[in-house]
Amino acid sequence: MELTSLSLPPLSAGGEVITFYSYKGGTGRTMALSNIAVLLARQQNATAPVLMIDWDLEAPGLHHYFEQPQEHKPGVLEFFEACREQLLRRRTGPLTVDDDELAHDVLAAVGWEQYVTRVDQGSQLYLMRAGRFDDSYPDRLAAMQWEELFYSCPALFRCFAERLSRHFRYVLIDSRNGRSDSAGVCTTLMPRKLVLMFTPGRHSLDGLQELVSRATTYRRSHEDEQRPLLIYPLPSRIDMADCGERLQWRRGDASQQITGYQPGFEELIRDCYGMQHVSLESYFDEVQLQQTRSLAYGEQVAVRLDQGGDRFSMTRTFEAFLSWLGPGYFPWQSSGEIQLLAKINEARCGLDDGGSAARAVSQPLARELNLLGELYRREGKLRPALSSFEESLSLRQRALGEDHPETLASKINLACALRQQGRLDEAQFLEECIVEARERVLGGEHPDTLAARANLAATLGQQGRLAEALALQDSVLDTYTRLVGPDHLQTLNAKAARAELLLQRGDIQLVRSVQEQVLAAHKRLLGLEHPDTLRSKMALAHTLLQMQELETARSLLDAVLQAYLRRLGPDHPETGKAREQLIDVQLQLGVPTDETPMVPELHQDAAMDDYGDALVRPTRRRGTLTANNAWSRTADEMVALDGALYGGRTPPR
């Protein structure tokens, strides 16, 4: 039978292969792949070619989601049967020395084009079926030995992925579930990204950790396979009606012996990428496939049905997942960061165009960079924060001048980040410039001028110039007291800052007295659990630790932790800091840390400077999981990704 071959020109930039895998069936894997494929094919004015491959040969079903009258069309099985025949012919002749050369010769002789069909006339969406479903299909499938095919040409599957990515922006593979040779091909040899689908429950999560371990270990240990592999967990069939159970399976419940899929994947990713801390809080806030009729009945492509995309629709859910998967952002990046990066990239394109377009986007770009820097600083990522602030400042200096309020705002943020990173001389220079500009433009008693002086005093204190720092801070405190009174919040903040300087000088009794006054005022004015009140408690607890009043310090830290757990949740950085300090006090008191009323593994225990740090393998793990934990494993089984993972999305210049 003569077959019609598809003809697609090569892409200017290579595409990528994404495998959808689930350890157990019933997760809606094929349905999710179909919807994601339709959304991807709509991108770039429906000009992005997308290929779906049905590699679930034992239970093929991808073709049911699309009109497929060509039952005779060959697919994956026939393609690799042809590859096997080509390999047999070449092995009988002179041996090819280079395995990659052999693979490309075989693939060129077979040609993928005749095995692919277009399934949407409104976009470039294509399908490679599982195979030709004739009477011989079961026997031919049983005769296909994937392991034998691999050993006859180890580069075959990798080169196959490379050839497809030259013509398709995305290649989405629907893998067989469970443990099998074909599943290993789809998850270990083919993809750059691996979507792990699961339903909340032990039976669905079981096996995912082993799969990731096996795939990444292979990538690390074979010289020709040193390619990045990025995993995206995708919970499915989530019951939106039962909030309690939904959170129980997401975060874990020790009383029910439920580990929780979020901390489980955070642990797995920390090991995989060699990171000290990972939070998937923002990711799982957005990425949960709800239980709907489209998941339960038939083969409907939901994004074609609810094209309105309101916030309750499956379309909105898939689009949220694509905001991470499509551009290649890491799942530990927050949705806020992703949105800012998208705006920044768009503005930079306008800046590169030059002319009036560049002038129009210059200041919006500076604003978004400043916001991104503030986000990075809050998350403890100081290097990308500095980079963002520096670029924002440069744009504002050129367009607005040195004394413009927005320029000074960028200088303040940059100086603060420099101080946090220990680059005190640079911070001091900037802060002196800010103070001079504020005094000249606003006067010596303006709140912005006083805030600038307080920042300079903090930097001088860290430099060890305590006399100068205290003199400057005293002038700030005196001005606030005279202008707004002793109990005003700005006055209290100035008192707290002065106490920090006194602590550096060693006046610990005076520090305690001042901090107790500030704490009492904050309680009275703001309430017991206001952020400023909690920070006052933390500061007093730190002083009490130096005075060896451990029980009192422990009581304060415990109160702070409980407030953070209630208000911020277990995964917030402030909660993690309070937890660590409380554990340190308990160790000094000789109290077992398991008596602390806290949730395990907050995963916010350290600051990651930037994403480059994610590629450094840790020397040891933080903590040990119990033997019956389905996620427990040794760090040596995982591989760190290389720099290619970031895919050009480096932190702002």
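For the structure itself, consult the block above.
Bear in mind the structure is a predicted one, so any value in this text is a computation, not a measurement.

## A few points about the overall build of the protein
Right, so step 1: Within the protein one finds 28 helices and 7 strands.
Right, so step 2: Taking the intrachain contacts of the protein between residues at least 6 apart in sequence as the baseline, contacts between residues at least 24 apart amount to 71%.
Right, so step 3: For the protein, the exposed surface amounts to about 28,700 Å²; the carbon and sulfur share of it is 50%.

## A few points about the packing of aromatic side chains
Right, so step 1: Under the counting rule described, the total for this entry stands at 22 aromatic pairs.
Right, so step 2: Ring geometry for tryptophan 55 against phenylalanine 157: centres 6.4 Å apart, planes inclined by 50°, an arrangement best described as tilted. Here tryptophan 55 is found in the loop between β2 (50-54) and α3 (76-92), whereas its partner phenylalanine 157 is found in helix α7 (residues 156-165), with 102 residues between them in sequence. In this pair, the class of tryptophan 55 matches that of phenylalanine 157, namely buried.
Right, so step 3: Their ring planes at 85° and their centres at 5.0 Å tell us that phenylalanine 79 and phenylalanine 80 sit as a pair that is edge-to-face. Each of the two residues, phenylalanine 79 as well as phenylalanine 80, counts as buried.
Right, so step 4: A cation over a ring is seen here: arginine 169 above tyrosine 170, with NZ or CZ 4.5 Å from the ring centre.

## A look at the environment of arginine 166
Right, so step 1: You can see arginine 166 is positioned in the loop between α7 and β5 (170-174).
Right, so step 2: The class for arginine 166 is partly exposed, based on a relative accessible area of 40%.
Right, so step 3: Residues arginine 166 and alanine 13, 153 residues apart in the sequence, show an inter-C-alpha distance of 7.5 Å.
Right, so step 4: If sequence neighbours within four positions are ignored, arginine 166 has contacts with Pro10, Leu11 and His104.

## Brief notes about the sheet that holds β2
Right, so step 1: Here 7 strands make up an open sheet; going across it, the order is β3-β4-β2-β5-β1-β6-β7 and the pairing mixed. Where the open sheet ends on each side, the last strands, each with one partner, are β3 (117-120) and β7 (230-235). Going from strand to strand, the sheet's axes swing by 25° on average, the running direction of each strand aside.
Right, so step 2: When strand β6 (residues 193-198) meets β7, the two strands line up parallel, connected through 6 bridges. Looking at the pairing, valine 195 lines up with tyrosine 232 of β7.
Right, so step 3: In the packing of helix α8 (residues 181-189) onto the sheet, the strands contacted are β1 (16-22), β5 and β6, and the crossing angle to β1 comes to about 135°.

## Quick look at the environment of glutamate 500
Right, so step 1: Summarising the element assignment, glutamate 500 is placed in helix α24 (residues 489-505).
Right, so step 2: On the basis of relative accessibility, which here comes to 36%, the residue glutamate 500 falls in the partly exposed class.
Right, so step 3: Taking the C-alpha atoms as reference points, glutamate 500 and alanine 458, 42 residues apart in sequence, are found 8.7 Å from one another.
Right, so step 4: Residues in contact with glutamate 500, not counting those within four places in the same chain, are Gln515 and Ala539.

## Side note on the pairing of β7
Right, so step 1: When you tally the buried positions in β7, you get 6 out of 6 residues, the bulk of the element.
Right, so step 2: Alternating positions in β7 separate into two faces, Leu230, Tyr232 and Leu234 on one and Ile231, Pro233 and Pro235 on the other, with burial throughout.

## Observations regarding unusual backbone geometry
Right, so step 1: For glutamine 44, which is not a glycine, the phi torsion comes out positive at approximately 55°.
Right, so step 2: Position of glutamine 44 among the secondary structure elements: in helix α2 (residues 43-46).
Right, so step 3: You will see that glutamine 548, though not glycine, has its phi angle at about 65°, which is positive.
Right, so step 4: Its relative accessible area of 54% is what places glutamine 548 among the exposed residues.

Conventions and cut-offs
Residues numbered from 1 in each chain as written. Predicted model: local features only at pLDDT ≥ 70, side-chain atom pairs only at ≥ 80, totals over all residues. Heavy atoms only, no water. Helix = DSSP H or I, 4+ residues; strand = E, 2+ residues; numbered from the N terminus. Contact = heavy atoms within 4.5 Å. Areas by Shrake-Rupley, 256 points an atom, 1.4 Å probe, with all protein chains shown as cover. Phe/Tyr/Trp six-rings, centres within 6.5 Å; stacked < 30°, edge-to-face > 60°. Buried < 20%, exposed > 50% of the residue type's maximum accessible area, 1.4 Å probe, protein only. Lys NZ or Arg CZ within 6 Å of the ring centre and 35° of its normal. Pairing = 2+ DSSP bridges. Axes fitted to C-alpha atoms, helices over the stretch in contact; angles between N-to-C directions.

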